[in-house]
4 protein chains.
Amino acid sequence: MQFGSDNQTGASQKVLDKIASANDGHTHGYGDDQWTKAACDKIREVFETDATIFFVASGTAANSLALASLVKPWETILCHHQAHILIDESTAPEFFSGGARQVPVTKEAGKIQSSHLENYFSQAGTDTPHNTIPKALSIAQANESGLVYSPDELTLLAKIANQHQVKLHMDGARFANAVAASGATPAEMSWKAGVDVLSLGATKCGCLAAEAVIFFDRELATDFEHRRKRSGHLLSKGRLFASQFLGWLEDDHWLELASHANQHAAALAQQLEQLSDVRLAWPAQANEVLAIMPTPMSKRLEEAGAEFYSWYQQSLPPNEQLSTNESLIRLVTSFKTNMDEVNNFIGIAKNG
Amino acid sequence: MQFGSDNQTGASQKVLDKIASANDGHTHGYGDDQWTKAACDKIREVFETDATIFFVASGTAANSLALASLVKPWETILCHHQAHILIDESTAPEFFSGGARQVPVTKEAGKIQSSHLENYFSQAGTDTPHNTIPKALSIAQANESGLVYSPDELTLLAKIANQHQVKLHMDGARFANAVAASGATPAEMSWKAGVDVLSLGATKCGCLAAEAVIFFDRELATDFEHRRKRSGHLLSKGRLFASQFLGWLEDDHWLELASHANQHAAALAQQLEQLSDVRLAWPAQANEVLAIMPTPMSKRLEEAGAEFYSWYQQSLPPNEQLSTNESLIRLVTSFKTNMDEVNNFIGIAKNG
Amino acid sequence: MQFGSDNQTGASQKVLDKIASANDGHTHGYGDDQWTKAACDKIREVFETDATIFFVASGTAANSLALASLVKPWETILCHHQAHILIDESTAPEFFSGGARQVPVTKEAGKIQSSHLENYFSQAGTDTPHNTIPKALSIAQANESGLVYSPDELTLLAKIANQHQVKLHMDGARFANAVAASGATPAEMSWKAGVDVLSLGATKCGCLAAEAVIFFDRELATDFEHRRKRSGHLLSKGRLFASQFLGWLEDDHWLELASHANQHAAALAQQLEQLSDVRLAWPAQANEVLAIMPTPMSKRLEEAGAEFYSWYQQSLPPNEQLSTNESLIRLVTSFKTNMDEVNNFIGIAKNG
Amino acid sequence: MQFGSDNQTGASQKVLDKIASANDGHTHGYGDDQWTKAACDKIREVFETDATIFFVASGTAANSLALASLVKPWETILCHHQAHILIDESTAPEFFSGGARQVPVTKEAGKIQSSHLENYFSQAGTDTPHNTIPKALSIAQANESGLVYSPDELTLLAKIANQHQVKLHMDGARFANAVAASGATPAEMSWKAGVDVLSLGATKCGCLAAEAVIFFDRELATDFEHRRKRSGHLLSKGRLFASQFLGWLEDDHWLELASHANQHAAALAQQLEQLSDVRLAWPAQANEVLAIMPTPMSKRLEEAGAEFYSWYQQSLPPNEQLSTNESLIRLVTSFKTNMDEVNNFIGIAKNG
């Protein structure tokens, strides 16, 4: 019953095999090698477009380096009030950008909607250099509440952003899950909908440490190599990242892994919803389930060895509140989750 | 004839096998796992002391995070004029430290000697806040010219540093080579000689991406977890680093790998020295050979497929100069270098 | 009818005379002079306590340097959602602190109340190093809506902050106005109520450029001289700041200047309130009047030469909203405002 | 006998009078006022060119903000090994630039010569992103050893810099002294010789706190207003700076003040040179005298109340060394220095 996080499993066997097979032989260092070239080509193929691509070892690095490419130190990044970049990555965006600021545009909603952006732009001060001006909008896909933006929703947000010279960054730590869930193509979910730069995370969904920063707007990538080097994220043995991405992307393996996780989250959500004293905070659209349950139930599950996190109350929908004896928990499934885990979990939840 | 860099080979098989074996099963994320615990314990055993240990993916990150733990943004780091941290890591130390400065204390010497430190301290201004004050000394072991500091040399430098409230950092990107070359124990080469914090590099010598920052002075480690997180160097799947270190350190595998590299550098240096028109810039004490040769010879070698770098003229010894038709080159051996490569190289060098 | 800002007048004659009288003679540079010593002594006398004091040229510098002394780059500063440090000082706090973050704890209230702090602490994540942790609370006195915190209110906020190891900073850009308005002593308004460090602004209230950072908790001042120097705020001719503060503080001149401004704001507010189509957004407790009026009225006033700013809608009280044809404006009085200006303004407002 | 620094006197009476006369009346804040406009116009007239101009309160701020406009955080600034920006401004350039690096191109010379630049460019690594690349050259005029670059010397340095896409910054803390000493026009000494941005210091030579950053290459000024605001250097009452510059520049008052200082330095140097046991380290070309004298003589002078600083040994010329009982001292004259001070000093020096 391992629902703590999708980063708590190892790599898929295919990815591991590719690391081993790429280990042989001599290459140049720092990404100037045949494996890195092949991995970049594969990504361009999957996304059906040319793009400038860099690999790094963590999602925090991918997001922060991408954002630092979009804003100057005195500019701001619009985001969701529960964005991972805002809540769970220390002050990494500030560090990488030299002190740029994140400004949440939502207060309670599950996803950023066009009205949030319009409201922001109608009210924010524009008296520079006193007021700060946004130059980036960051959207997580799938997001921190397990919700997936549709290509149409993204397109609308990108359009408003664009009207204000604001670039669109996508935190794709769970991009695979979003693509698998939506049926849209990777291209439709990204550059075709107006995304300028994507942090494509493979770590949570079957790799060990592999994140790609994909610049669809290639002019934004100009300084990236310097930022990556001076932040210690240019690895000398480029084959480590490249082999993981090759193993992950070949034969749609990444979507298989993501679909597996999504399906098990859906099963878990469906069964939880049938319990009379449990309700979902948000629909489970990808591989995360946000559930409100009696605190004794959550304690019973923990005591039985189930792993999951209590989750931030600020992530609740408008008009939703925990009563005194309720808990909000987050359950995350992975490519290794199996139905036994799901069924056990439900069984213990029921038998209070 | 791959003498470009020791980072141009993959991982040793033992290390690779350990990655695979650590891949199974569920753990907590972010280093809170059994593999990370075991790897830290193994390091403490190898160094015969308690220490606070963190893993990161690159030497640049290890060095910069360590240095940022020693100096405030308005303080300075003393180093060799050819230090990797000064010459080859962009402005990473400045980035991580918030703008602290590196101050070279040598101009021509191969290693930092006590006289360099004494000279610095006797002449440098001490009128704060105008003048900057050093709080760290960084020494590479083995260093950028392939030289190894003896425990006695380190002890003397540490003593002078200590008298001025300056902490001692060791850039151990080739620490394995230094230990293997010197016969000293890891402890004698580090904390027993006064090293406060060591960047222990495994990547160049048989791993894929594995660097440890080892705080022998544990109080200096207080803020490290924050610095690592906000710089994107806290990886979610801790087993990646831990398994590499376990495979590398168990059964003295790391020293076997380093000895192999050292022996082949020694063979290469010895044979080069016997060529009448080649001379060594510095003795080859670890796995690097700095050689001065006729430029036609170096061109001939390149055309024959030998890989190596032209090296910085500023690294030459005092009173040594290149004549018009000479080149300074750096040859680096690895755990995979074999005698055929060495012999081929010498053969082509000879037949001009 | 100059109600644009209290920084749009020059210095009072007494302050100007003191600058001139301090101009003669030779001193040491960088604040090591008799004028600076006298000014610091005068501040200690006015505040009835020992304190460590530094002078800088701008409120932004004073606030940001003070805050940088309280938080590490990965920590946060709690503040009001309309705080000047958050809204009107670009990303200065981020710059000076090396990337620390400001977190607003209010959404609509005029002042920070204890419930805002309690609510924040009950909900915020505490999982370091992922979540960020507050180490400072910044309160403006008088604040951006012209409201004054009582000593009791401050004491309560300081107590809650203290329970969470959070230091209390006061942005005293209009501290003189707050003291003059409240009848409390400078000590009661600051350290006796739990303020750890005060940015005492003299510029807006009768000086040309003179701000003091006063550390009542003197241990927090350790690194200040370095931060001030490297940010270019250590002026060589210390007498410039010192003479202004001496002229300003002697014989309660500062409180006379502030009272004058406050009284004219009160008169303006009182007369505005009597207009049937005008209402105050907040009571005018110091020298700022936040008024809601028909947009034609505000246009008529502007056309007649009145100076004032449209103000941020986000600063409105809960349940207060502008209707389509209304404007929120901010009127600020200074030590030079006279009743003719007030009466003219009201006269034009009336005659629509 | 006040030879400690030219920043140890107050303002000239003309400057002080202008501050007083500009104090009256209402203006807009933050430099949007008639005084600031007039001062900028006056500077353009004096320099016979259009330029983008900003005022700040300290030389450290002027230099660092200018340099931050020229280099990205991963680039470098070439400078003299005794440059004020390198030796005496803490780590301000690093702070403002986000971590860019200063690289000295001299080791012993009094001024940067073309050979120093050529030597640097022929030897420095260019393998980005590992090596750092220079984008700015900073020259002090007059420099820290009291030497003045001729327009021809500047032109040659600018030409070499330009060939490497390196911009030229001039630290003009003593620009007035250099102009007065050389007979060249301000234009010839700056933009006509290839200077892209000048920090024009008025503080040391008759003002209280007034520095202008003058962008002759106006495109480089794009971000300056943001950098100035977020570093706390945008003062609200712009008339303070503007009035000082107006008083200083009108009727060539600045050059009168500088000439006075220069002449007294020349007199001092001339008389010192005639003493058999004193020698000048460098010719006294502006208002600084670097003298080597017997230590007992320097002690005798100090005891008699003379103020001056011991100076950095690293600033000595090649082949010049202090013997055991000698001291290097720096004497600086100001617009207030008089011949009595000079004569007294020489008298005491003689009578050992």
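Residues numbered from 1 in each chain as written. Chains lettered and ligands numbered in written order. Predicted model: local features only at pLDDT ≥ 70, side-chain atom pairs only at ≥ 80, totals over all residues.

Attention now goes to the interface of chain C and chain D. Interface size is commonly expressed as the accessible surface area that is lost when the partners come together. Facing the 39 residues of chain C at the interface are 39 residues of chain D. Of all the secondary structure elements, the ones that give two or more residues to the side of chain C that touches chain D are helix 1 (13–21), helix 3 (59–68), helix 5 (92–97), helix 9 (224–230) and helix 10 (239–249) of chain C. Counted by class, the side of chain C that touches chain D contains eleven nonpolar, 23 polar and five charged residues. (Contact = placed C-beta atoms within 7 Å. Helix = DSSP H or I, 4+ residues; strand = E, 2+ residues; numbered from the N terminus. Nonpolar A, V, L, I, M, F, W, Y, C, P; charged D, E, K, R; others polar.)

Our focus in this paragraph is the relation of the copies chain A and chain B. Overlaying chain A on chain B yields an RMSD of 0.0 Å, the required transformation being a rotation through 180 degrees with an accompanying axial translation of 0.0 Å. Taken together, the turn and the small shift mark the pair as related by a two-fold rotation axis. Closest to the rotation axis within chain A is the C-alpha of Ser-231 of chain A, separated from it by 3.4 Å. When the interface residues of chain A are mapped onto chain B, 100% of them again fall at the interface, so both copies present the same face. (Least-squares fit on C-alpha atoms with pLDDT ≥ 70 in both.)

Another point: the confidence of the model for chain A. Looking at chain A, the pLDDT average stands at 96 and 100% of residues meet or exceed 70. Both confidence scores are given for the complex: pTM 0.97, ipTM 0.97. (pLDDT = per-residue confidence, 0-100.)

Residues and elements named next belong to chain A. Within helix 8 (residues 175–182), seven of the eight residues are buried, leaving the element largely enclosed by the surrounding structure. Turning to helix 8, its buried residues are Phe-175, Ala-176, Asn-177, Ala-178, Val-179, Ala-180 and Ala-181. Against the buried residues of helix 8 lie strand 5 (167–172), strand 6 (197–201) and helix 11 (253–273). Following helix 8 by one or two positions, Gly-183 has its phi on the positive side, about 80 degrees. (Buried ≥ 20, exposed ≤ 12 C-beta atoms within 10 Å, placed from the backbone.)

Counting 251 residues, the largest nonpolar core has Ile-214 and Phe-245 of chain A together with Ile-214 and Phe-245 of chain B as the members making the most contacts within it. If sequence neighbours within four positions are ignored, Phe-245 of chain B has contacts with Ala-39, Lys-42, Ile-43, Ala-202, Ala-210 and Ala-212 of chain B. In this structure, Cys-79, Leu-86 and Ala-181 of chain C together with Phe-345 of chain D belong to the second largest nonpolar core, which totals 250 residues. (Core = buried A, V, L, I, M, F, W, Y, C linked by C-beta atoms within 7 Å.)

Once that is clear, we can look at the pairing of strand 2 (residues 75–79) of chain C. All names here are of chain C. Here strand 2 lies mainly inside the structure; five of its five residues are buried. Side-chain alternation along strand 2 places Glu-75, Ile-77 and Cys-79 on one buried face and Thr-76 and Leu-78 on a second face that is also buried. Taken together, the four bridges between strand 2 and strand 4 (residues 133–140) define a ladder with parallel strand orientation. Bridge pairing in strand 4 links Thr-76 to Pro-134. Sheet topology places strand 2 next to strand 3 (residues 101–104); four bridges connect them, and they run parallel. From the neighbouring strand, Cys-79 faces strand 3, where its bridge partner is Pro-104. (Pairing = 2+ DSSP bridges.)

The next point concerns the interface of chain A and chain B. Tallying the contact residues gives 39 residues for chain A and 39 residues for chain B. When contributions to the side of chain A that touches chain B are tallied by element, the ones reaching two or more residues are helix 1 (13–21), helix 3 (59–68), helix 5 (92–97), helix 9 (224–230) and helix 10 (239–249) of chain A. Taken together, the residues that form the side of chain A that touches chain B break down as eleven nonpolar, 23 polar and five charged.

All names here are of chain B. With antiparallel pairing, the four strands of this open sheet are ordered in space as 8-9-11-10. Either end of the sheet is taken by a strand with one partner, and the two such strands are strand 8 (279–280) and strand 10 (309–310). With seven bridges connecting them, strand 9 (residues 288–294) and strand 11 (residues 326–332) associate as antiparallel partners. The residue bridging Val-289 from the neighbouring strand is Leu-331, located in strand 11. Docked against the sheet, helix 12 (residues 295–303) engages strand 9 and strand 11, running at close to 120 degrees with respect to strand 9. (Axes fitted to C-alpha atoms, helices over the stretch in contact; angles between N-to-C directions.)

A few words now on the domain arrangement of chain A. Residue and element names in this part refer to chain A. One can read the domain layout of chain A as domain 1 (13–251) and domain 2 (254–350). Put simply, the middle of domain 1 and the middle of domain 2, counted by C-alpha atoms, are 27 Å apart. In this assembly, 23 residues from domain 1 lie in contact with 21 residues from domain 2. Those elements that place two or more of their residues in the side of domain 1 that touches domain 2 are helix 8 and helix 10. Looking at which element gives the most residues to the side of domain 1 that touches domain 2, the answer is helix 8, with six residues. Its residues assigned to classes, the side of domain 1 that touches domain 2 shows 13 nonpolar, seven polar and three charged. (Domains from an automatic or database assignment.)

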